[in-house]
Amino acid sequence: MTTGTASGAAGDSVLDRPEVQQAGWVWGDDGARPPQDAPLPALITVAMRLIGAFIGCTAQGTGISPAGLGVMRLLAARDGLKSSEVATRGWWTPGTVTSVVDTLVRDGYVERRREPTDRRVVRLHLPDAGRRKTEQAVLLIGPKWQEAFGFVDPADEPVIRKFPIDTLEGFGTLIREGRGQ
């Protein structure tokens, strides 16, 4: 079935292009493989989605969500941040951080503490229970994450490593600019 564009012209939609219609590799169709000329943004998007699913699977059994573990790892490195600082540093929305931290506080893994000099300021801290839980989770899933990249040829690693580092810097800049920072 052909759908039109917003203007109503049938067959002119980007969604009707053969490469879109045949993109079963994007959605995990059996036996489908990415074409050698697949656009880089599509490859990266699908890879991120797949890596995210893998991380979610490895986090099962830890009692912490991947987002919760991310917040706890950040606090393990930079204890005492405000929620807004956690959101900025973790590339999360403030609402996501609030929701995740609410769960972590309920479970005793994070504490909210008001600053004595300015009661309006609330900082997040990782108490001993949170530190232990973070360490247990990292020890459990860290080897799985390392093993997952066992297919990478050590000779290729410097080039592969450069790409995500450049990506972090490039997209970090774009996000900061979008947020007016």
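Conventions and cut-offs
Residues numbered from 1 in each chain as written. Predicted model: local features only at pLDDT ≥ 70, side-chain atom pairs only at ≥ 80, totals over all residues. Heavy atoms only, no water. Helix = DSSP H or I, 4+ residues; strand = E, 2+ residues; numbered from the N terminus. Rg over C-alpha atoms; globule rule 2.2 N^0.38 Å. Pairing = 2+ DSSP bridges. Axes fitted to C-alpha atoms, helices over the stretch in contact; angles between N-to-C directions. Left-handed = near helix turned anticlockwise from the far one by under 90°. Contact = heavy atoms within 4.5 Å. Nonpolar A, V, L, I, M, F, W, Y, C, P; charged D, E, K, R; others polar. Core = buried A, V, L, I, M, F, W, Y, C linked by side-chain atoms within 4.5 Å. Buried < 20%, exposed > 50% of the residue type's maximum accessible area, 1.4 Å probe, protein only. Expected span 1.5 Å × (residues − 1). Salt bridge = Lys/Arg side-chain N within 4 Å of Asp/Glu carboxyl O.

Visitor: Outline the overall build of the chain, listing residues and values.
Guide: The number of helices and strands found in the chain is seven helices and three strands. In sequence order, the chain lays out its α and β elements as α-α-α-β-α-α-β-β-α-α. The C-alpha radius of gyration of the chain comes to 21 Å, more than 25% above the 16 Å expected for a compact globule of 181 residues. C-alpha atoms of the chain, sized along the principal axes, occupy 65 × 45 × 30 Å.

Visitor: Which residues make up the sheet that holds strand S2 (residues 111-114), and what values go with them?
Guide: Overall, antiparallel pairing links the three strands, which are arranged S1-S3-S2 in an open sheet. The sheet is open, and its two edges are formed by strand S1 (81-82) and S2, each paired on a single side. Direction of pairing for S2 relative to strand S3 (residues 122-125): antiparallel, over a ladder of four bridges. Bridge assignment links Arg112 to a residue of S3, and that residue is Leu124.

Visitor: Please give an account of the packing of helix H2 (residues 40-59) against helix H6 (residues 128-148) that cites residues and values.
Guide: With their axes 10 Å apart at the nearest point, H2 and H6 run at an angle of 150 degrees to one another. In this structure, H2 crosses over H6, and the sense of that crossing is right-handed. Across the interface between the two elements, Phe54, Ile55, Thr58 and Ala59 from H2 touch Ile141, Lys144, Trp145 and Ala148 from H6. Of the residues belonging to the contact of H2 with H6, the class tally is six nonpolar, one polar and one charged.

Visitor: Please provide a residue-by-residue account of the nonpolar core, values included.
Guide: Within the largest apolar cluster, 19 residues are counted, with the highest numbers of intra-cluster contacts made by Val71, Met72, Leu75, Val86, Leu104 and Val110. Within the residue set of this core, elements represented by two or more residues are helix H3 (66-77), helix H4 (83-90), helix H5 (94-106) and H6. Beyond its immediate sequence surroundings of up to four residues, Val110 is in contact with Met72, Leu75, Val101, Leu104, Val105, Leu124, His125, Leu126 and Pro127.

Visitor: Run through H2, naming residues and quoting values.
Guide: For H2, with 20 residues, the first-to-last C-alpha span of 28 Å sits near the 28 Å given by 1.5 Å per residue. For H2, the full list of buried residues reads Val46, Thr58 and Ala59. Among the structural elements, H3 and H6 are those in contact with the buried residues of H2. Just downstream of H2 lies Gly61, where phi reads positive at about 95 degrees.

Visitor: So what about the pattern of salt bridges? Which residues, and what values?
Guide: In this structure the tally under the stated criterion is eight salt bridges. We note a salt bridge from Arg120 to Asp118, for which the minimum N-O separation is 3.0 Å. Via salt bridges that share partners, Glu85, Glu115 and Arg123 belong to a single interconnected network.

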